[in-house]
Amino acid sequence: MANGKLLRQLISSGLQGDLPNFRAASEAVIAEEREKKHHLLANDLEKLMYGTQSAGTPPLGHLKLASSMPSNKDSGLSLLELRPVVREQQDIVLSDIAKSALEEIIQEHNRADLLRSFGLKPAQKLLFFGPPGCGKTLAAEVIAGALSLPLVVVRLDSVISSFLGETASNLRKVFDYISDHPTVALFDEFDAITKDRGDSADHGELKRSVNAVLQMMDSYRGSSILIATTNYESLLDKAVWRRFDETIEFDMPNLEQIKRLLSLKTSGVRRNFESTDTKIATLFKGMSHADIERVLRRAVKEMVLTGKEFLEKQHIEAGLARERKLKK
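Criteria and thresholds
Residues numbered from 1 in each chain as written. Predicted model: local features only at pLDDT ≥ 70, side-chain atom pairs only at ≥ 80, totals over all residues. Heavy atoms only, no water. Pairing = 2+ DSSP bridges. Helix = DSSP H or I, 4+ residues; strand = E, 2+ residues; numbered from the N terminus. Axes fitted to C-alpha atoms, helices over the stretch in contact; angles between N-to-C directions. Buried < 20%, exposed > 50% of the residue type's maximum accessible area, 1.4 Å probe, protein only. Contact = heavy atoms within 4.5 Å. Salt bridge = Lys/Arg side-chain N within 4 Å of Asp/Glu carboxyl O.

Draft legend 1. Representation of the sheet that holds strand 1 (residues 80-83) in the model. Judged by pairing direction, the sheet is mixed, and its six strands sit side by side in the order 1-3-4-5-2-6 without closing on themselves. Whereas interior strands pair on both sides, the edge strands pair on one side only; in this sheet they are strand 1 and strand 6 (246-249). Neighbour-to-neighbour, the strand axes of the sheet open up by a mean angle of 25°, direction not taken into account. Strand direction decides the pairing type here: strand 4 (residues 184-187) and strand 5 (residues 225-230), joined by four bridges, are parallel. The residue bridging Phe187 from the neighbouring strand is Ala228, located in strand 5.

Draft legend 2. Fine view of the environment of Gly135. Within the secondary structure layout, Gly135 lies in the loop between strand 2 (125-129) and helix 7 (136-146). Note on Gly135: relative accessible area 15%, which makes it buried. For the pair formed by Gly135 and Leu94, sequence separation is 41 residues and the distance between their alpha carbons is 7.6 Å. The residues contacting Gly135, other than those within four sequence positions of it, are Ile92 and Phe250.

Draft legend 3. How the structure looks around the pattern of salt bridges. Enumeration over the complete set of coordinates arrives at 14 salt bridges. Linking Glu293 and Lys265 is a salt bridge whose minimum nitrogen-to-oxygen distance equals 3.6 Å. Within this pair, whereas Glu293 is found in helix 14 (residues 289-305), its partner Lys265 is found in helix 12 (residues 255-265), the two being separated by 28 residues in sequence. Between Arg298 and Glu323 there is a salt bridge, with its nearest N and O atoms 2.7 Å apart. A residue pair is termed long-range when its members are at least 10 positions apart, and Arg298 in helix 14 and Glu323 in helix 15 (residues 313-327) qualify at 25 residues. Here the two residues Arg298 and Glu323 agree in accessibility, since each one is buried. Connected through salt bridges with shared partners, the residues Asp291, Arg294, Arg298 and Glu323 form a single ionic network.

Structure representation (structure tokens):
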């Protein structure tokens, strides 16, 4: 059990509504329990602290944030969704170039004061592009976690409207909100609101949304980090690219990255093969990070449900066969 001093600090800061000290005391309690090898308790406390989709309890300090989020005046739907941040840098496997770029962005924000003393500022407007399932959304979560910022996702189904001028109005609400509340704001599937204005297939409201986004990005002066992602970078209006401080390409994993994924996703699982086994890794060639993770999850479930002690190649092959069938 945590020592008396920590418990007194925890209760006192909680009663006073002192969130920074409450958070610090909570993290100290978690660290102490983990040092005592009480890993299950530490994991449960972390879930309560940082939140998960299934926990049913909002992360610390997020209730107030969520209650003030803007909504679509016609449908009443929220324009933003608060997303739990549970994964860290060690949970993502990227190319050396993408990994280095991600680390630089985090370092820039951790040392923002130093940059500002030289008249510089950290990259705030980021574009992540590449095939689906290759870590773009996960990278946004990693940045949020590394910088202890809430992750909010822009709900494009609520933002985009068929009513004249309503999409631009919704976007203005979003930008006003993230200007006032420091967050990592994720604009997923960014091409939906920033398609090339020369595309004659799009109606006028979407063309107006591109102009609105460009103007709002130019005038944005908040402290939130804006991250846009797209699987179809060729669809983006050319003028959009110039508005980003950094652009990072996310590629399909190569053989070495697949091996790292195998090691990461099967850690703690007894298996009859090495994660560095090229024959096993080659089975996943041409698949995205998300596809590989899904196949491995199925394989481990089959191992558990059939009462097997070790993860075998046959479990992997069964998961792959099911994945191919679903993709047809």
